[in-house]
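Below, each chain spelled out in residue letters.
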Amino acid sequence: QVLGARTLHYKHCCCAFMATVLKLRFQEQIHRIVLPEGELTFEAVIAVASRLGAGCGFTPKYRDEEGDLCTLCSLSFSDFLAVS
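Residues numbered from 1 in each chain as written. Predicted model: local features only at pLDDT ≥ 70, side-chain atom pairs only at ≥ 80, totals over all residues. Heavy atoms only, no water.

## Comments concerning the overall build of the protein
Across its full length, the protein carries two helices and five strands. The secondary structure elements of the protein, listed N-terminal to C-terminal, are β-β-β-α-β-β-α. For the protein, the residues scored as buried account for 29% of the 84 residues in total. The long-range fraction of contacts in the protein, counting pairs at least 24 apart against all pairs at least 6 apart in sequence, stands at 29%. If you sum the accessible surface of the protein, you get close to 5,600 Å²; carbon and sulfur atoms cover 54% of it. (Helix = DSSP H or I, 4+ residues; strand = E, 2+ residues; numbered from the N terminus. Buried < 20%, exposed > 50% of the residue type's maximum accessible area, 1.4 Å probe, protein only. Contact = heavy atoms within 4.5 Å. Areas by Shrake-Rupley, 256 points an atom, 1.4 Å probe, with all protein chains shown as cover.)

In structure tokens form, the structure reads like this:
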């Protein structure tokens, strides 16, 4: 289950950048994965989830604003971003 994504702003010395922390639950464990700026795409989320569930035939899901579990797909990705 993809629990959400949050954008973090980092400032280090003379440079600043934004990163996104992707929070996923897999086999009752919570995983936090940092995606570099500009890499919060449907393909990136699926790639990260696939690495966690390699060979398990998983279906990524997220909770919508009403608390319902929804299947994450390219068509629902904008909804996922809106409720994250």
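## Considerations on the packing of aromatic side chains
With the rule as written, the count across this model stands at three aromatic pairs. Ring plane angle 70° and centroid distance 5.7 Å describe the contact between tyrosine 62 and phenylalanine 80, whose orientation is recorded as edge-to-face. With tyrosine 62 in strand S4 (residues 61-63) and phenylalanine 80 in helix H2 (residues 77-83), this pair connects stretches of sequence that are 18 residues apart. The burial state of tyrosine 62 is the same as that of phenylalanine 80; both residues are buried. A connected cluster of aromatic rings, assembled from ring pairs, spans Phe42, Tyr62, Phe77 and Phe80. (Phe/Tyr/Trp six-rings, centres within 6.5 Å; stacked < 30°, edge-to-face > 60°.)

## Regarding the nonpolar core
Formed by Leu22, Leu24, Leu35, Phe42, Val45, Val48, Ala49, Tyr62, Cys70, Leu72, Phe77 and Phe80, the largest nonpolar core amounts to twelve residues. Within the residue set of this core, elements represented by two or more residues are strand S2 (15-26), helix H1 (42-52) and H2. At four residues, the largest contribution of residues to this core is made by H1. Those residues in contact with leucine 35 that lie beyond four places of it in its chain are Ala19, Thr20, Leu22, Leu40 and Val48. (Core = buried A, V, L, I, M, F, W, Y, C linked by side-chain atoms within 4.5 Å.)

## Considerations on the state of the cysteines
Per the counting criterion, the structure on display carries zero disulfides. No disulfide involves cysteine 70; its sulfur sits 9.6 Å from that of cysteine 73, the nearest cysteine. (Disulfide = S-S within 2.5 Å.)

## Thoughts on the confidence of the model for the protein
For the protein, per-residue confidence averages 77 on the pLDDT scale, and residues scoring 70 or more make up 76% of the total. Element-level mean pLDDT values for the protein span from 52 in strand S1 (residues 2-12) up to 91 in strand S5 (residues 69-71). (pLDDT = per-residue confidence, 0-100.)

## Concerning a positive patch on the surface
A cluster of basic residues, Lys23, Arg25, Arg32 and Arg63, forms a positive patch on the protein surface. In this fold, arginine 63 is placed in strand S4. (Patch = residues over 30% accessible without salt bridge, like charges linked within 9 Å, V, L, I, M, F, W, Y side chains within 5 Å. Salt bridge = Lys/Arg side-chain N within 4 Å of Asp/Glu carboxyl O. Lys, Arg positive; Asp, Glu negative; His and termini not counted. Charge placed at Lys NZ, Arg CZ, Asp CG, Glu CD.)

## What to know about the environment of proline 60
Here proline 60 shows up in the loop between H1 and S4. Each C-alpha atom of the pair proline 60 and cysteine 73 lies 8.0 Å from the other, and the pair is 13 residues apart in sequence.

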